[in-house]
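Secondary and tertiary structure notes
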Amino acid sequence: MTAATYQYVDLPDASVVTTRALLTARENIADTVAARAMMCIHGGAGFGKTLAVNTCLRELEPGEDVRRVTFRARPTARAVRYELFTALDLAGEPPRHPSEFDRLLKTALAERPRTQPPFPQVSRR
């Protein structure tokens, strides 16, 4: 995807301006990818979270298969499990019991590194 596609804008000669927030996002995302960990980037609408994540991932992990996981407000643990099951394209039916579901997700996530963005207004660890 191109930067224009990410932001649904098609401006000729447009480019991303590197701000302190973008540099912070890049550093945190790089640390997270290197640690094979998970992170959550949050903030208000219009703060540039999606732009920052997509820009950083394109630079840090150019060949990575990026997938979006979006949760409704105040998701339940069950809703999170189902969204991850779907985003990871896992085969079969989702397990009925939480412990089985968690084991399946942990196994799938451990198989190979995955970069799953959602959204930067970065909070430092």
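Report on the accompanying structure. Residue numbers restart at each chain and count upward from 1, following the sequence in its written direction. Reporting of local features is limited, given that this is a predicted model, to residues whose pLDDT is at least 70; pairs of side-chain atoms are given and counted only at 80 or more, and all residues count toward the totals for whole chains, interfaces and linings. With hydrogens and water excluded, all non-hydrogen atoms of the structure serve as input to the side-chain values.

Observations concerning the overall build of the chain
Across its full length, the chain carries five helices and zero strands. Remark: exposure states derive from per-residue accessible area (1.4 Å probe, protein chains only) relative to the maximum for the residue type, with buried under 20%, exposed over 50%, and partly exposed in between. Taking all 125 residues of the chain together, 25% fall into the buried category. Here the Shrake-Rupley method, with its probe set to 1.4 Å, supplies the accessible areas, and only the displayed protein chains count as covering residues. Per element, the accessible surface of the chain, about 8,800 Å² overall, is 55% carbon and sulfur. Labels follow the DSSP assignment, with helices taken as runs of H or I lasting at least four residues and strands as runs of E lasting at least two, numbered in each case from the N terminus.

Section: helix α2 (residues 20-35)
For a helix, the expected span equals 1.5 Å multiplied by the number of residues minus one. Compared with the 22 Å implied by 1.5 Å per residue over 16 residues, the 23 Å span of α2 between its first and last C-alpha is a close match. What α2 keeps buried is the set L22, A25, R26, N28, I29 and T32. Elements in contact with the buried residues of α2: α3 (49-60). Looking one or two residues past α2, R36 carries a phi angle of roughly 50°, positive in sign. Every residue pair with non-hydrogen atoms within 4.5 Å of one another is taken to be in contact.

Considering the packing of aromatic side chains
Two aromatic rings from Phe, Tyr or Trp, using only the six-membered ring of Trp, form a pair when their centres are within 6.5 Å; if the ring planes differ by under 30 degrees the pair is stacked, by over 60 it is edge-to-face, and anything between is tilted. Taken as a whole and judged by the stated rule, the model has two aromatic pairs. Taken together, a centroid distance of 5.1 Å and an interplanar angle of 75° make the contact between Y82 and F101 edge-to-face. With Y82 in helix α4 (residues 77-87) and F101 in helix α5 (residues 98-111), this residue pair connects regions lying 19 residues apart in the sequence. Through a chain of ring-to-ring contacts, the aromatic side chains of Y82, F85 and F101 assemble into a single cluster.

Digging into the environment of C40
Mapped onto the fold, C40 is located in the loop between α2 and α3. A residue is classified by how much of its surface remains accessible, and C40, at 59% relative accessible area, is exposed. With 11 residues separating them in the primary sequence, C40 and I29 have C-alpha atoms 9.8 Å apart.

A short note on the side chain of R81
Structurally, the position occupied by R81 is in helix α4. Within the structure, the side chain of R81 is placed 2.6 Å from the side chain of D102, a separation counted as a polar contact. The definition of a polar contact used here is a pair of N or O atoms within 3.5 Å, where within protein one atom must be able to donate a hydrogen and the other to accept one, and adjacent residues in sequence count solely through side-chain atom pairs.

Points about unusual backbone geometry
Residues apart from glycine generally show negative phi values, whereas peptide bonds are mostly found in trans. A positive phi is found at R74, a non-glycine position, where the angle reads about 50°. Among the structural elements, R74 can be located in the loop between α3 and α4. The phi dihedral of D89 is positive, around 55°, even though this residue is not glycine. Given a relative accessible area of 57%, D89 falls into the exposed group.

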